[in-house]
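Fold and contact review
As a plain string of letters, each chain reads:
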Amino acid sequence: MKRLFGLFVLFLAMGFVPAVADAAAGHGGTKAVKAGILLVAFGTSEESAQVSFDHIETKVRQAYPDIEVRWAYTSHIIRRKLAGQGKQLDSPEIALAKMADEGFTHVVVQSLHTIAGAEYHDLRRVADSFALMGGFERIAVGDPMMTTQEDMKRTVEAMLAVLPGERKKDEAVVFMGHGTHHPANAFYAALNFQVQRRDPHLFIGTVEGYPELDTIIALLQENSIKKVYLMPLMSVAGDHAKNDMAGDEADSWKSVLTAEGFEVVPILKGTAEFDEFVAIWVDHIGDSLSGFR
Ligand code: CO
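Below is a summary of the structure that appears in this document. Bear in mind that the values here come from a model prediction, so they are computed numbers and not experimental data. (Residues numbered from 1 in each chain as written. Predicted model: local features only at pLDDT ≥ 70, side-chain atom pairs only at ≥ 80, totals over all residues. Heavy atoms only, no water.)

Focus on the overall build of the protein
To keep it simple, the criterion reads: Labels follow the DSSP assignment, with helices taken as runs of H or I lasting at least four residues and strands as runs of E lasting at least two, numbered in each case from the N terminus. For the exposure calls, accessible area comes from a 1.4 Å probe over protein chains only, and a residue counts as buried if that area is under 20% of its type's maximum, exposed if over 50%, partly exposed in between. Any two residues having at least one pair of non-hydrogen atoms within 4.5 Å are treated as being in contact. Accessibility throughout is a Shrake-Rupley quantity obtained with a 1.4 Å probe, and a residue counts as covered only by protein chains that appear here.
For the protein, the helix and strand inventory stands at 11 helices and 10 strands. Expressed as a percentage of its 293 residues, the buried residues of the protein come to 51%. If you take every contact in the protein between residues at least 6 apart in sequence, the share linking residues at least 24 apart comes to 74%. Accessible surface, the protein: about 13,600 Å² in total, of which carbon and sulfur atoms supply 53%.

Quick look at the pairing of strand β5 (residues 106-111)
What counts, and what does not: With strands facing away from the observer, any crossover in which the path from the first strand over the helix to the second runs clockwise is taken as right-handed.
The buried fraction of β5 is high, at 6 of 6 residues. Residue alternation in β5 divides its side chains into two sets, His106, Val108 and Gln110 and Val107, Val109 and Ser111, and both sets are buried. Once the chain exits β5 it traverses helix α5 (residues 118-133) before rejoining the sheet at strand β6 (residues 138-142), and the crossover so formed is right-handed.

Things to note about the pattern of salt bridges
Our working rule: What counts as a salt bridge is simple: a side-chain nitrogen of Lys or Arg found within 4 Å of a carboxyl oxygen of Asp or Glu.
This model, assessed by the stated rule, comprises 15 salt bridges. Ionic pairing is found between Asp283 and Arg154, a salt bridge with its closest N-O pair at 2.9 Å. Of this pair, Asp283 sits in helix α11 (residues 275-291) while Arg154 sits in helix α6 (residues 149-161), and the two are 129 residues apart along the sequence. Its salt-bridge partner being Glu263, residue Lys227 comes within 3.7 Å of it at the nearest N-O pair.

Focus on the nonpolar core
As a reminder of what qualifies: Here the nonpolar core consists of buried residues drawn from Ala, Val, Leu, Ile, Met, Phe, Trp, Tyr and Cys, with membership extended through side-chain atoms lying within 4.5 Å. Domain delimitation follows an automatic or database domain assignment.
Counting residues in hydrophobic clusters, the biggest one holds 51 residues, and the most contacted among them are Leu39, Val60 and Phe277. Counting residues per element, this core draws most heavily on α11, which supplies 7 residues. When residues of this core are assigned to domains, at least three map to each of domain 1 (2-145 + 275-290) and domain 2 (163-268). Aside from chain neighbours lying at most four places away, what touches Phe277 is Met145, Thr155, Ala158, Met159, Val162, Leu233 and Thr271.

Points about the sheet that holds strand β4 (residues 68-73)
Our working rule: DSSP bridges decide pairing: two strands pair if at least two such bridges lie between them. The axes used here are C-alpha line fits, helices contributing only the stretch in contact, and every angle between their N-to-C directions lies in the interval 0 to 180 degrees.
Read across the sheet, 4 strands follow the order β4-β3-β5-β6 without closing on themselves; strand pairing throughout is parallel. Across the chains shown, the open sheet's two edge strands, defined by having one partner strand only, are β4 and β6. With direction set aside, neighbouring strand axes in the sheet form an average angle of 20 degrees. Judged from the 6 bridges that link them, strand β3 (residues 35-41) and β5 form a sheet pairing that is parallel. Bridged to Val40 within β5 is Ser111. Running over the sheet, α5 touches β3, β5 and β6 and is turned about 175 degrees from β6. Packing of α11 onto the sheet brings it into contact with β3, β5 and β6, and relative to β5 it is tilted by some 150 degrees.

None of the figures reported here should be taken as evidence of function without further support.
Okay, structure coming up:
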């Protein structure tokens, strides 16, 4: 079947889909290779954050024009909220069950997470279960944005590429990562180290992990920073970016930093709004597809 998938890709390039003999199907039947990409995100109910997901989908469709693209959200709360607004989003389990039922043979489940934390590992378990059940010929889970050292390098380059144009070198840009209790939280401090080798006034903090805002404030003071740009290091500029980062409440990063005497400029753009970050996820899909050959 591996070789058949290679053939399938070749045939797609030539513009037609072959029906191939499927040994597993028995009864002498034929089964066409049917490939799919399932994009999986935590989800968002913020209308304005949808631009991030639309951008990812556009880029994925451009890169793999002959492969069907579907979505699943891992957050039950967000799916329920959206259902209340008449928008039906599936969980990864339901989305994969539908794809198996519809005869997909090769599926790449692409994690749109930033790090391989708890949600990513949950997703791996779901995909592994479908592999065990024999739901597909092949199923693979694509890595989140920051997985390998090569990904870290690309993430650093992406950060450098999206800095606010008007920012001066003695001004800081603080990126807000999500952060987690999961051991993968260490990626944020690792990224902080690596990005500062290129630009010492870039910092990475997190809402729910380490480095915390207090640590960032100490670093900003040590560097005699006066002006700070805030940007999310999350795929969408959703609830955390709008409220925890840029909100008017006293405990938002904008408010706390302003109270500490910094001039603060929040920028509400998720990483998935920029081609540089999206390219990392898109290439991870390609890695999985090549693994099928
Ligand atoms: Co959160």
